[in-house]
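Structural features, examined
As a plain string of letters, each chain reads:
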Amino acid sequence: QVQLVESGGGLVQPGGSLRLSCAASGSIFSIYTMGWYRQAPGKQREFVAAITSGGSTNYADSVKGRFTISRDNAKNTMYLQMSSLKPEDTAVYYCNADILNFKKRRSDYWGQGTQVTVSS
């Protein structure tokens, strides 16, 4: 059994910052690419950022220069540092990870989501 648990969401004013965390636990042999996605009310889930096990990163154009993704492989944890937040960043943020378990089964996992609200 593998679990992804996000934390760090909340209410922040425009221009503010937040740091999200995603901790993976359970029967984990190896974690490949990890990523963040978000879903605003009435919209489809969209890609935000991703990071490979080697540290290569990729960002959506809408967050480039404002968000920074990172990971600590020793802790099986991924982070998203969000700065210069805008009201349009308001969404539920989901953690995603491509994980190989000890039974050598590779699957895609999702966290339960954490709410980020940017409002004055």
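Reference entry: report on the structure contained in this document. (Residues numbered from 1 in each chain as written. Predicted model: local features only at pLDDT ≥ 70, side-chain atom pairs only at ≥ 80, totals over all residues. Heavy atoms only, no water.)

**Notes on the packing of aromatic side chains**
Heads up, the condition is: When two rings of Phe, Tyr or Trp (its six-membered ring) have centres within 6.5 Å they constitute a pair, described as stacked for plane angles under 30 degrees, edge-to-face for angles over 60, and tilted for the intermediate range. Secondary structure elements follow DSSP: runs of H or I no shorter than four residues count as helices, runs of E no shorter than two count as strands, and numbering proceeds from the N terminus. Note on geometry: a ring has a charge over it if NZ (lysine) or CZ (arginine) is within 6 Å of the ring centre and within 35 degrees of the ring normal.
Inspection of the entire model under this criterion finds three aromatic pairs. Ring plane angle 80° and centroid distance 5.9 Å describe the contact between F29 and F102, whose orientation is recorded as edge-to-face. Taken together, the positions of F29 in strand β4 (residues 28–39) and F102 in the loop between β9 (91–101) and β10 (106–110) put the pair 73 residues apart, joining distant regions of the chain. One aromatic cluster is present, formed by Y37, F47 and W110 through successive ring pairs. Here R45 stacks its cationic end above the ring of W110, 4.7 Å away from the centre of that ring.

**As for the side chain of T114**
Applicable threshold: What qualifies as a polar contact is a pair of N or O atoms within 3.5 Å, subject to a donor-acceptor requirement within protein and to the restriction that residues adjacent in sequence count only when both atoms come from side chains. In this description, contact between two residues means that some pair of their heavy atoms is separated by no more than 4.5 Å.
Among the secondary structure elements, T114 is positioned in strand β11 (residues 114–118). For T114, the side chain forms a polar contact with the main-chain nitrogen of G9, separated by 3.3 Å. Filtering out sequence-adjacent residues up to four positions away, T114 remains in contact with E6, S7, G8, G9, L20, A91, V92 and Y93.

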